[in-house]
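Observations on the model geometry
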Amino acid sequence: MNPSALIYLLTAAIVFGIGLHGLLQSRQILRQLLCINLMGGGIFLLLITLGGGADGPPDPVPQAMVLTGIVIAVSATAFALALLLRWHELGDSTELDAVANADANTHDE
Amino acid sequence: MTNEALIGLIFLPLLGACATVLPGRFATYLGILSGLAPLPLLLVAVTLSVAQNGPGFLELGGWAAPLGIRLFVDPLAVLMLWMVAIIGGLAAIHAWCDFPPASPSGQRFWPLWLLLTSAMNALFLSADLFNLYVCLELITLTAIPLIALTGSKTAVRAAMRYLLLALLASLLYLLGVALLYNATGTLDLYLMRDALAAAPPAAVVATLALISLGLLLKGAVFPLHVWLPKAHASAPGPVSAVLSALVVKTAIYLLYRVWLWSVPATVAAEQALTLLAILGAGALLYGGVLALLQQRLKLVIAYSTVAQLGYLLLILPMASSGAWPVAWQGGTYQLLSHGLAKAAMFLAAANILHALGSDRLSDLQRLDQRQPLSLFALAVAGVSIMGLPPSGGFLAKWLLLDAAFRSGQWWLLAVLVAGSLLAAAYVFRILAASLRRDDPTEADPVADTKAIPNVQTACAVLLALLALAAGFAAAPMIEFIGPGAPGAWSRP
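Let us look at the structure shown here.

If you tally the helices and strands in chain A, you get 4 helices and 0 strands. The helix and strand sequence of chain A, counted from the amino end, reads α-α-α-α. Buried positions account for 35% of the 109 residues belonging to chain A. Partitioning the intrachain contacts of chain A with sequence separation of at least 6 by distance along the chain shows that 54% fall at a separation of at least 24. Within the structure as shown, chain A displays about 6,200 Å² of accessible surface, and the carbon and sulfur contribution to it stands at 68%.

We now examine the overall build of chain B. On a plain count of helices and strands, chain B comes out with 21 helices and 2 strands. When its C-alpha atoms are laid out on the principal axes, chain B stretches across 75 × 60 × 40 Å. Burial analysis of chain B (492 residues in total) assigns 64% to the buried set. Counting contacts in chain B only where the partners sit at least 6 residues apart, residues at least 24 apart contribute 80% of the total. Counting every atom, chain B has about 16,400 Å² of accessible surface; 70% of that belongs to carbon and sulfur. Each charge class in chain B was averaged separately, 24 positive and 19 negative side chains, and the resulting centres sit 7 Å apart.

All right, on to the pattern of salt bridges then. Residue and element names in this part refer to chain B. A complete count under the given rule lists 6 salt bridges over all chains for this structure. Put simply, Lys218 and Glu137 hold a salt bridge, and the shortest N to O gap is 3.5 Å. Of this pair, Lys218 sits in helix H9 (residues 201-218) while Glu137 is found in helix H6 (residues 129-148), placing the two residues 81 residues apart along the sequence. Judged by its relative accessible area of 10%, Lys218 is buried. Exposure remark for Glu137: the relative accessible area of 4% places this residue in the buried category. The partner of Arg296 in a salt bridge is Asp359, and the shortest N-O contact between them spans 3.0 Å.

Let's shift gears to unusual backbone geometry. All names here are of chain B. For the bond running from Phe222 to Pro223, omega is 0°, close enough to zero to count as cis. Counting through the fold element by element, Pro223 comes out in the loop between H9 and helix H10 (228-234). Positive phi is not limited to glycine here, since Ala220 has a value of about 55°. Counting through the fold element by element, Ala220 comes out in the loop between H9 and H10. Positive phi, normally seen in glycine, also occurs at Arg366, with a value near 55°.

Bringing the packing of H6(B) against helix H11 (residues 237-262) of chain B into the picture now. Residue and element names in this part refer to chain B. Interaxial distance between H6 and H11 falls to 11 Å at its minimum, and their mutual angle equals 160°. Taken together, the axes of H6 and H11 are roughly antiparallel relative to one another. Read as a crossing pair, H6 and H11 show a hand that is left-handed. Residue-level inspection shows Leu132, Leu136, Ile139, Ala143, Leu146 and Ile147 of H6 in contact with H11, the latter providing Val239, Leu243, Val247, Thr250 and Leu254. Split into classes, the residues belonging to the contact of H6 with H11 amount to 10 nonpolar, 1 polar and no charged.

A few words now on the interface of chain A and chain B. Taken together, the contact between chain A and chain B spans 42 residues of the former and 41 residues of the latter. In total, about 3,800 Å² of surface goes out of reach between chain A and chain B, with carbon and sulfur atoms giving 75% of it. At the boundary of chain A and chain B, one finds 0 salt bridges. Here chain A and chain B share 1 residue pair in polar contact (both at pLDDT 80 or more) between them. At the level of elements, helix H1 (3-25), helix H2 (29-50), helix H3 (60-91) and helix H4 (99-104) of chain A are the ones that each hand at least two residues to the side of chain A that touches chain B. At 16 residues, the largest contribution of residues to the side of chain A that touches chain B is made by H3(A). Considering only residue class, the side of chain A that touches chain B consists of 27 nonpolar, 9 polar and 6 charged.

The rules behind the values
- Residues numbered from 1 in each chain as written.
- Chains lettered and ligands numbered in written order.
- Predicted model: local features only at pLDDT ≥ 70, side-chain atom pairs only at ≥ 80, totals over all residues.
- Heavy atoms only, no water.
- Helix = DSSP H or I, 4+ residues; strand = E, 2+ residues; numbered from the N terminus.
- Buried < 20%, exposed > 50% of the residue type's maximum accessible area, 1.4 Å probe, protein only.
- Contact = heavy atoms within 4.5 Å.
- Areas by Shrake-Rupley, 256 points an atom, 1.4 Å probe, with all protein chains shown as cover.
- Lys, Arg positive; Asp, Glu negative; His and termini not counted.
- Charge placed at Lys NZ, Arg CZ, Asp CG, Glu CD.
- Salt bridge = Lys/Arg side-chain N within 4 Å of Asp/Glu carboxyl O.
- Axes fitted to C-alpha atoms, helices over the stretch in contact; angles between N-to-C directions.
- Parallel < 35°, antiparallel > 145°, perpendicular 65-115°, else oblique.
- Left-handed = near helix turned anticlockwise from the far one by under 90°.
- Nonpolar A, V, L, I, M, F, W, Y, C, P; charged D, E, K, R; others polar.
- Buried area = accessible area lost by both parts, 1.4 Å probe.
- Polar contact = N/O pair within 3.5 Å; in protein donor to acceptor, adjacent residues only side chain to side chain.

Here is the structure:
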């Protein structure tokens, strides 16, 4: 593996890790969405790097996967933002209550 | 002919969805009818072909694997497609009354519904892991708007939580797929086994762990089920039915495909299957207990889904034992009978909620006078959920007990019995609440009840009767399903 591929791999891992950390840490939905997109970016970078082809031409399959993945990420983000707007209108809040709370809570509101 | 039928199963609902967003009533009606009505006919053709010629691949555009993306149809896929057609079809008839196609609410509902149908059909037929990722995302992005459709605060909150967890699950799955492609050079589920056996073990473990984790999260398997009860309970009735009966099963179906069809049968894989079964046992017990503690009918039914999904994982450790064919029949029968019974329960619960204006268990008194047929559907479906004879649920649980007994997995036997007892307890709790006659202060609960369209009642009753009838029509179905994955796990 050539050194530049290693840099890309490390970057992919770091970007994915930052996204995962942020997703688990923050309560703000918008931040969580950004983190999910970061994680996606990390995976896309990984796919492109792994399909880079050390000696020959790059493998086209991962590139096609990344293109499709980007389309899906954009649509998912758009829908999530629309849902977030709706949630903000309903309750003037940009956070969800803690998951544990919602699960243990057996009553309706 | 079969090839055209397979393509039609995916593309007719897709084209129908496109038609429903065109202006004009005619296009909406045409889209819904052309997207859903032909599915059973196409399935008859596919079923006959699979029964005659066995499982088969369809190479789209004439491109052979590994470059091309293949469709694969076998008895398990056919069973799932029938469930989409029957349960989805009856739920659609139920939805027709609440979301009339020409109304504004209908115009939001039907495109999503048809896309969801198309995506599920595509998922059950795909043989390519990346194609399956696209299907999973399509299902997520159509199922969640359907939950949020009512626009209530509870529904939007449940949808938002479901969406965040589902996106995380998809990314874990996608990361697994990326590593898998790097390790094996293929994405085809049915070409993977040899490549996986030759790949470095660390990469295989990481890949399978990530893919399974993503699927367990999407399939709401204990302890990753936190999003399910509220999401399923706050969705409109027909949507709850399809979510619980079909959508969560798509993830379980993929777990079956990956672990039983694609993973080489090694000792490590067997231990992983045992781990999955332990999660299933946890789901069965935890979901059952939580279902007993709920105060609202739809939440009881939703937690019952968490529990009943556990059965589907319990069969996995028997994959290498001599009892596997029986276990497999039990598992697939559980897929079918739980789907029918759970859809019936959610539709009946939706009718009750409409009629009474509440689905709190404490408000259900004298239900036998106010909503006799909905209660009948609830009770008959409950019989199948509990596993009492002669229902389909009884047969599934009987086969599972038999398999556990034959393979000597005693702990499974105990879990199965405990799960059935819990199911009996929460179903009887609903029935007891419905037959109560205290509270003489209330003027006349029967008079306060709103009327429900007969069609909606009929859909719930029909699904419940189908769940019951599954117990009688077992022999041909079990023969059709066969012994499961061909030669996947060597059986002594």
